[in-house]
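# Reading the structure
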Amino acid sequence: MTTPEAGPRAARATGRLFGGIVVLLLAAAIVLWGSSRATWVSQVVEGLPGPRTNTADGAAAEPVLVPWALLCLAAVGGLLATSGWGRRVVGTLVAVAGLWALLRGVAGLADPASEALPIGVRPGDRPLPAEAVLAGPSLGVLGGALMLVAGLLAARFAAVLPRLGARYDAPTRRAGDGATAVRTTPADPDRALWEALDEGYDPTGEPRGEPADRPAGRAPDPPGGRASGRPDGVGGTEGVAG
């Protein structure tokens, strides 16, 4: 049997999951941007008057690092603005881009992009083989892994993640086995005020339900006011047969 606390507990769990996905995307954006600024490739050139070192950063070795970082920021907005299949599409795109970033980072470690090095060989120079700098490609691998995890989580749990503005939805519970949904009164007075307005009630007026001064057994008043006619029912709303 589902307890009344199960709904709020599940809502908090999905809220934490959504927050974790957002944190992963923001962290991936920061890491990928840092990877674009870090050195990926270095090369020592022996010559006169002495050896010198040429380097290339991530933006030169992998120009898509900055667009990947921007994609992570755009994905945060996409997850906030969409739901259901829209979030699955966003999550899938992020996961594919994250896998691509991860593989490019591994490739940067295994096969340094020597073509990204600046061209400035003078007569008598003897360039040595290009070498990968560990920090830059490693940050690319980490950023790609964060993107991949965030995208997979968003695509997998898209249906249960909270929607933007869903905190104003009034919680409901089933009354017995019937189909009537009963509204529960929230503990927060401000939220109760919003829910009353959403349902069309005046939260500052008479409480919902039967008025306290109505005699026992008396039928409810019609929407337009009290029924016309004498208390004994004669002269009511029914017409006179002619």
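Residues numbered from 1 in each chain as written. Predicted model: local features only at pLDDT ≥ 70, side-chain atom pairs only at ≥ 80, totals over all residues. Heavy atoms only, no water.

## Structural notes on helix H5 (residues 135–156)
This is how the line gets drawn: Runs of H or I in DSSP of at least four residues are treated as helices and runs of E of at least two as strands, each being numbered from the N terminus. A helix is expected to span 1.5 Å for every residue after the first. Exposure is judged per residue with a 1.4 Å probe applied to protein chains only, and the accessible area is read against the type maximum: over 50% gives exposed, under 20% gives buried, and values in between give partly exposed.
For H5, built from 22 residues, the straight-helix expectation of 32 Å at 1.5 Å per residue is met to within 8% by its first-to-last C-alpha distance of 32 Å. Listed in full, the buried residues belonging to H5 are Gly136, Pro137, Gly140, Gly143, Gly144, Leu146, Met147, Ala150, Gly151 and Ala154.

## Quick word on the side chain of Ser35
Going by this rule: Here, two residues are considered to be in contact whenever any of their heavy atoms come within 4.5 Å of each other.
With respect to the element layout, Ser35 can be found in helix H1 (residues 6–37). Aside from chain neighbours lying at most four places away, what touches Ser35 is Trp40, Gly58, Leu65, Gly136, Leu139 and Gly140.

## Quick look at the nonpolar core
One broad trend across soluble globular proteins is that nonpolar side chains are buried collectively. Spelled out, the test is: For this analysis, a nonpolar core means a set of buried residues of the types Ala, Val, Leu, Ile, Met, Phe, Trp, Tyr and Cys, connected via side-chain atoms within 4.5 Å.
If you look at the biggest cluster of nonpolar residues, it comprises 31 residues, and the most contacted ones within it are Ile21, Leu25, Leu32, Trp68, Leu79 and Met147. Those elements giving two or more residues to this core turn out to be H1, strand S1 (39–46), helix H3 (65–81), helix H4 (85–110) and H5. No other element matches the eight residues that H1 contributes to this core.

## Section: the packing of H4 against H5
Two quantities define a packed helix pair, namely the angle between the axes and the distance from one axis to the other. Operational definition: Geometry is summarised by axes, namely lines fitted to C-alpha atoms with helices restricted to the contacting stretch, and by angles between N-to-C directions that run from 0 to 180 degrees. When describing relative orientation, an angle under 35 degrees is termed roughly parallel and one over 145 degrees roughly antiparallel, while 65 to 115 degrees is termed roughly perpendicular and anything else oblique. Crossings are sorted by hand: turned counterclockwise from the far helix by less than a right angle, the near helix makes the crossing left-handed, and turned clockwise it makes it right-handed. Only Asp, Glu, Lys and Arg are considered charged, only Ala, Val, Leu, Ile, Met, Phe, Trp, Tyr, Cys and Pro nonpolar, and every remaining residue, Gly among them, polar.
At a minimum axis separation of 7 Å, H4 and H5 run at an interaxial angle of 160 degrees. When the axes of H4 and H5 are compared, the pair comes out roughly antiparallel. The hand of the H4/H5 crossing is left-handed. Taken together, the residues of the contact of H4 with H5 break down into 16 nonpolar, nine polar and two charged.

## Considerations on the packing of H3 against H4
Relative orientation of the contacting elements H3 and H4 amounts to 160 degrees, with a least axis distance of 10 Å. In terms of orientation, H3 lies roughly antiparallel with respect to H4. Crossing hand, H3 versus H4: left-handed. For the pair formed by H3 and H4, the contact residues are Trp68, Leu71, Ala75, Gly78, Leu79 and Leu80 on the first element and Arg87, Val90, Val94, Ala97, Trp100, Ala101 and Arg104 on the second. The residue inventory of the contact of H3 with H4, partitioned by class, reads ten nonpolar, one polar and two charged.

## Things to note about the pairing of S1
Applicable threshold: We call two strands paired when DSSP finds no fewer than two bridges between them.
Judged from the six bridges that link them, S1 and strand S2 (residues 52–57) form a sheet pairing that is antiparallel. Residue pairing across strands places Gln43 opposite Asn54, the latter belonging to S2. Across two bridges, the pairing between S1 and strand S4 (residues 131–132) is antiparallel. What sits directly across from Ser42, in S4, is Glu131.

## A short note on the confidence of the model for the chain
Our working rule: Known as pLDDT, the predictor's per-residue confidence is scaled from 0 to 100.
Counting all residues, the mean pLDDT for the chain is 76, and 63% of those residues have values of 70 or more. Averaged over each element, pLDDT in the chain is lowest for strand S5 (residues 172–174) (47) and highest for H5 (94). Contacts for the low-pLDDT stretch residues 235–242, under 50 throughout, to residues beyond four places or in other chains number four contacts.

## Some thoughts on the packing of aromatic side chains
Aromatic ring pairs are defined here through the distance separating the ring centres and the angle between the ring planes. Note the threshold: Two rings from Phe, Tyr or Trp (for Trp, the six-membered ring) form a pair when their centres are within 6.5 Å of each other. A pair whose planes differ by under 30 degrees is stacked, one over 60 is edge-to-face, and the rest are tilted. Counting as a charge over the ring demands two things of the Lys NZ or Arg CZ atom: a distance within 6 Å of the ring centre and an angle within 35 degrees of the ring normal.
A complete count under the given rule lists one aromatic pair for this structure. With a centroid separation of 5.2 Å and 80 degrees between ring planes, the pair formed by Trp68 and Trp100 is classed as edge-to-face. One end of the pair, Trp68, is in helix H3; the other, Trp100, is in helix H4, and 32 residues separate them in sequence. Trp100 sits in the partly exposed class, given a relative accessible area of 48%. When the ring centre of Trp85 is taken as origin, the NZ or CZ atom of Arg88, which lies over that ring, is 4.7 Å away.

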